[in-house]
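Residue-level structural notes
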Amino acid sequence: MDFTADSLLSRAAQVLGPKAGALVQEMEDALRRDVPELWEDPDLMTSQNIADHVATVLFALEHGPDRSLLEPPDADAEHARRLARHGKPVTAMLRAFRLGQGVVVARLLEEMPRLTSDPELISAAAGKLIGIATEYVDRASERGVIAFQEERDRRVRWRLSVVNEASTRIGTTLDIARTLQELADLATEQFADLVTVDLLDSVLRTPGTPAGGDPGALRRIAQKSAAGESPEPTTEPQQLHTYVPGSPPDRALATGRSARYDTDASSLTGLTGASPTTAEPGLDAGARGIHSALVIPLRARGTTLGVAQFFRHLSPEPFDDADLLFVQDIVARTAVAVEHALRYTQMRAAALALQRSLLPQGAPGHSAVEVARRYVPADAELGVGGDWYDVIPLSGARVALVVGDVVGHGIHAAATMGRLRTAVRTLADIDLPPDELLTHLDDVVIRLSAENTATLDGQGAVPAAECGGSAGGGGGPAGDGEGPNGGGDGDIGATCLYAVYDPVCRRCTLARAGHVLPAMVSRDGAVDILDLPPGPPLGLGGLPFEAAEVDLPDGSLLALYTDGLLVAHDHDVEAGLSKLRHVLARPSVSLEATCDTVLDALLPARPDDDVALLLARTNGLGDRQVVTWELEADPVAVSRARSSVSEQLTAWGLEDLDFTAELVVSELVTNAIRYGQPPIRLRLINDSTLLCEVSDDSSTTPHLRRARVFDEGGRGLLLVAQVARRWGTRHARRGKTVWAELDDGAGLPTPASI
């Protein structure tokens, strides 16, 4: 039979066709031996893929020289894309093509001598065969490389987009749990089926907290499973646990190095489960269907904070080295955000502790008012502010109610608040009227501002991290970070409302310095916003403050608060006042319940500013608790005053205080007659203690002094100071009142003390 080169090739391909199965097996054996990486995953290379190539080549050779028949299978491009997705090098595919070419060409060359003995014909056919095979391999390689490159470029763009998305989605707040949950949410949406994030419990402790327990203990902060039949981690959020020594997460924590684990169940052991010594040991990774994992420590500034783990069990593709690198980048960004949040959380905890330590620690008992109070710090990003409240007992059974607000946030605002609260208490102890007290407090703020300005001029600006600003480098409150109280020039801004309630006359005197107006609720539920004279904020200087008097029948409710209660991102002050009126008009079982109701109704879940709220329900003193006598400016009036006091104490059942009260009244009335001006008044108030007050129209303040041995006088006030619980002098518009507070603990002084 005469052959041409083409017909000889066709005949050889026809003869080899029935042996295609053996040819495919031989080619598979060669590929498994020389290119084993293609067989690590069933998606990369299969016997069917080899058979398709063999069938294409034999069919083209058998049916003539039409080169259009030499088109590689369509599935070849998808196999190249899978190669890129699995992180395999494209050279593995090219080597496979060349190995396959060698096997097919060798078998065809073996068949030709059996069909003809013409060496020239065999040589010509062999040349054609090699050319055709080379062209086929080149086409397949070119198509595969193009598909591989497209897929690799697509994955690079995808990874860059995920990293870019991570930069905008992770670390949006200074909340540690939320930041790590943002990482878990992003990962399960983009590249993982299951994510767990643990932080070392030691890094979560507030400075000053005593260390205890296992130093390697971790706390589960965030976890997320993809939709579908995903295994749920057995460690609950916020649960303490440890990993098995030598397990992948334990090695990551010890070495600070990331690692990738694939397929082998033994290499995945200990990834998802806690130590067997914990209450809830985890399941084996293989039982969960996990076939690939990334274990990456969270490190910032050279410190290991915890470990994040990313698993795949739904996606058939394992993680590759490129995945490890780009996930490391995302975790590193997250670790920096967490480190900022940790620093800010510690600073905010210190500021909050300072703030709360400077506020009244308990509700002071006072018969004139029943009080309930609340302090609510601002959202974590803004930090602790300078809002405060106070309840100060005064002479004459009166009580001072104070609410104030220092501009700014952070430790400096809290410290300034403490200084102003101390100043208010000091000024209140000398019984200044509200308008005069605010005038003196204004001077205090001006002096503090001058001191801050001098400090800043001498030392430079205070770092933002020390001013209560955002530790994350953004998102902090406006105004923080320039100076101690939000101003680069050291100025202090504050507002204050000071009210004094007198239960005897049931009248309240109020003055405000730039503060929001208080609310008053009558017994019938009517709510009024008190119209007080305006006053400038503290620290401006040179402007007067005015006081107003309001009658408060028994059972009236006075509500004092800071502007953070009224102003929110979704409403202004007027809308806030309207809501406040509506809430205060509702009946309530107690003042504490009213406080909670007000805060729940007016404050969002994450308030923009801190809030101080003080509610006071008034209780006047009855006529039987207060007795007043008008005295003549005559020494004879002293004995009459003693007799009247003795009779009144007997009527009140306070005979035990009879001698002490007579002694105090005798000394105070004698001083008023000798050194004061008429009219002279004596008043007794039967409250939780016995209050003795002697008033006259003189403004001269009596002073305590120690009399010398041979002095005939000067021991009266010293004697009063020894037997009274407290004593003092308060001035009015005209005259003064000297008062003494007596209780069962009062006793006679020793001669040496006099």
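Structural data are supplied above this passage.
Bear in mind that the values here come from a model prediction, so they are computed numbers and not experimental data. (Residues numbered from 1 in each chain as written. Predicted model: local features only at pLDDT ≥ 70, side-chain atom pairs only at ≥ 80, totals over all residues. Heavy atoms only, no water.)

Quick notes on the overall build of the protein chain
Worth spelling out the cut-off: The helix count covers DSSP runs of H or I at least four residues long, the strand count covers runs of E at least two residues long, and both are numbered beginning at the N terminus. Residue exposure (1.4 Å probe, protein chains only): buried if accessible area is under 20% of the type maximum, exposed if over 50%, otherwise partly exposed.
When helices and strands are tallied, the protein chain shows 18 helices and 21 strands. Classification of the 754 residues of the protein chain by burial places 52% in the buried group.

Side note on empty space enclosed by the protein
Worth spelling out the cut-off: Buriedness of a pocket was judged along seven lines, with at least five required to meet protein on both sides within 12 Å; pockets are open sets of points on a 1 Å grid over the protein atoms alone, cavities are sets where a 1.4 Å probe fits but cannot get out, and lining residues have an atom within 4 Å of a point. Grid points are joined across faces, edges and corners, and a volume is the space filled by probe spheres set on the points. Gly falls in the polar group here, along with every residue not listed as nonpolar (Ala, Val, Leu, Ile, Met, Phe, Trp, Tyr, Cys, Pro) or charged (Asp, Glu, Lys, Arg).
Evaluation of the coordinates by the stated rule reveals three cavities of 30 Å³ or more. In terms of lining, the largest cavity is formed by 25 residues, of which the most central are Met27, His53, Ala96, Phe97 and Gly100. Elements that contribute at least two residues to the lining of the largest cavity include exactly helix H2 (20-34), helix H3 (47-62), helix H4 (75-85), helix H5 (90-115) and helix H6 (119-169). Of the residues contributing to the lining of the largest cavity, the split by class is 19 nonpolar, five polar and one charged.

Concerning the sheet that holds strand E9 (residues 399-409)
Stated precisely, the cut-off is as follows: Paired strands, as defined in this entry, are two strands with at least two bridges between them according to DSSP. Interaxial angle, 0 to 180 degrees, is taken between N-to-C directions of lines fitted to C-alpha atoms, where a helix line uses only the stretch in contact. In this analysis, two residues are considered to be in contact whenever any of their non-hydrogen atoms come within 4.5 Å of each other.
Taken together, the five strands give an open sheet; going across it, the order is E8-E9-E10-E11-E14, and neighbouring strands pair in antiparallel fashion. Only two strands of the sheet have a single partner each, and these edge strands are strand E8 (385-393) and strand E14 (547-551). Between one strand and the next, the sheet's axes are offset by a mean angle of 15°, whatever the strand orientation. Here E9 pairs with strand E10 (residues 494-502) via eight bridges, running antiparallel. Paired with Asp405 across the two strands is Thr495, which belongs to E10. Where helix H12 (residues 411-429) meets the sheet, it contacts E8, E9 and E10, and its direction lies at approximately 20° from that of E8.

Notes on the environment of Ala372
Mapped onto the elements, Ala372 comes out in strand E7 (residues 369-376). For the pair Ala372 and Ala559, spaced 187 residues apart in sequence, the C-alpha to C-alpha distance is 9.8 Å. If we skip the residues at most four places from it in the chain, Ala372 touches Leu591, Glu592, Cys595, Leu613, Leu614 and Leu615.

A few points about the side chain of Asp405
Under the convention used in this document: For the purpose of counting charges, residues Lys and Arg are taken to be positive, whereas Asp and Glu are taken to be negative. His and the chain ends are not included. Take a side-chain nitrogen of Lys or Arg and a carboxyl oxygen of Asp or Glu: if they are within 4 Å of each other, that pair is a salt bridge.
With respect to the secondary-structure elements, Asp405 resides in strand E9. Buried Asp405, no salt bridge; nearest opposite-charge side chain is Arg512, N-O distance 12 Å. Here Asp405 is in contact with Gly386, Asp387, Trp388, Gly493, Ala494, Thr495, His515, Thr562, Asp563 and Asp609, once residues within four sequence places are set aside.

Some points on unusual backbone geometry
Note the cis peptide between Pro678 and Pro679, where omega equals 0°. Following the sequence through the fold, Pro679 ends up in the loop between helix H17 (658-675) and strand E18 (680-686). With a phi close to 65°, Ala397 is a non-glycine residue in the positive phi region. Mapping Ala397 onto the fold places it in the loop between E8 and E9. Given a relative accessible area of 4%, Ala397 falls into the buried group. Positioned with a positive phi, Arg506 is a non-glycine residue whose angle comes to about 55°. Examined against the element boundaries, Arg506 turns out to sit in the loop between E10 and strand E11 (507-513). Looking at Arg506, the relative accessible area reads 23%, which means it is partly exposed.

Structural notes on helix H1 (residues 5-16)
Definition in use: One fewer than the residue count of a helix, multiplied by 1.5 Å, yields its expected span.
With 12 residues, H1 extends 17 Å from end C-alpha to end C-alpha; this agrees with the ideal 16 Å at 1.5 Å per step. Of all the positions in H1, only Ala5, Leu8, Leu9, Ser10, Ala12, Ala13 and Leu16 are classed as buried.

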